[in-house]
Amino acid sequence: MHSTKDFVLVFKSNDCLIHMRFEKGSEQMDKQMLMEEAKKARELAYVPYSKFKVGAALLTTDGKVYHGCNIENAAYSMCNCAERTALFKAYSEGDTKYEAIAVVADTKRPVPPCGACRQVISELCSKEMKVILTNLNGDVQELTVGELLPGAFSPEDLNE
């Protein structure tokens, strides 16, 4: 007989969290946990110029969570956003299949990714992947990658 309760086990391995789910129906718990992980990542942001901290948490299909934060530089064009940091960390470790990404910042509305992040997300993630945008007030907007950047430029657009 199966329990009706959901269990989530999280442990740290190398530079990412391993997030294991037991029992179906834990989608809400996963979403909340992912948003909390994004908040933790936000606290690691290096933002001496803008003071605008952003955090991201990327959930792989096998349950790993990769953190990302924005990292600024005095040469402003050399900055990297939280979403791309999380994706590049995961991809560089061989994790290329994702279930969801949560992004958080101290904004009035759920924080929208910049254009560069939308393009990278659309290239590295499936169009059906969940994107969870939130703020410190708890406002949440959920959409898919396809909704985040409709008509995205893709590898198919390149002339070979």
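Residues numbered from 1 in each chain as written. Predicted model: local features only at pLDDT ≥ 70, side-chain atom pairs only at ≥ 80, totals over all residues. Heavy atoms only, no water.

K.L.:
Please clarify how helix H3 (residues 115–124) should be interpreted in this entry.
P.N.:
In an α-helix there are 3.6 residues to a turn, and that puts residues three or four apart on one side. The set of residues buried in H3 consists of Cys 117, Val 120, Ile 121 and Ser 122. Its buried side turned inward, H3 meets helix H2 (82–92) and helix H4 (145–148). (Buried < 20%, exposed > 50% of the residue type's maximum accessible area, 1.4 Å probe, protein only. Helix = DSSP H or I, 4+ residues; strand = E, 2+ residues; numbered from the N terminus. Contact = heavy atoms within 4.5 Å.)

K.L.:
Help me understand a nonpolar patch on the surface, please; the structure alone is not making it clear to me.
P.N.:
The grouping of Tyr 46, Tyr 49, Ile 71 and Tyr 76 at the surface amounts to a nonpolar patch, some 450 Å² of accessible area in total. Checked against the element boundaries, Tyr 46 lands in the loop between helix H1 (27–42) and strand S3 (54–60). What makes Tyr 46 partly exposed here is its relative accessible area of 44%. (Patch = residues over 30% accessible without salt bridge, like charges linked within 9 Å, V, L, I, M, F, W, Y side chains within 5 Å. Areas by Shrake-Rupley, 256 points an atom, 1.4 Å probe, with all protein chains shown as cover. Salt bridge = Lys/Arg side-chain N within 4 Å of Asp/Glu carboxyl O.)

K.L.:
What should I look at first to understand the pattern of salt bridges in this one?
P.N.:
When the charged atoms of two side chains with opposite charge come close together, those side chains can pair. Under the counting rule described, the total for this entry stands at 6 salt bridges. A salt bridge links Lys 39 to Glu 36, with the nearest nitrogen and oxygen atoms 3.4 Å apart. Highlighted residues: Lys 39 and Glu 36, both in helix H1, separated by 3 residues, approximately one helical turn. For Glu 43, the salt bridge identified is with Lys 53, shortest N-O distance 3.6 Å.

K.L.:
Explain the environment of Val 140 here, please?
P.N.:
Looking at where Val 140 falls in the secondary structure, it is placed in strand S7 (residues 140–144). Along the sequence, Val 140 and Val 103 sit 37 residues apart, while their C-alpha atoms lie 9.8 Å from each other. Sequence-distant contacts of Val 140, that is, excluding residues within four places in its chain, are made with Lys 31, Met 35, Pro 110, Ile 132, Leu 133 and Thr 134.

K.L.:
Hey, could you run me through the environment of Phe 52 in this one?
P.N.:
Within the fold, Phe 52 resides in the loop between H1 and S3. The exposure class of Phe 52 is partly exposed, given its relative accessible area of 35%. As for Phe 52 and Asn 70, which are separated by 18 residues in sequence, their C-alpha atoms are 8.6 Å apart. Setting aside its immediate chain neighbours within four residues, Phe 52 contacts Val 47, Asn 70, Ala 105, Asp 106, Thr 107 and Val 111.

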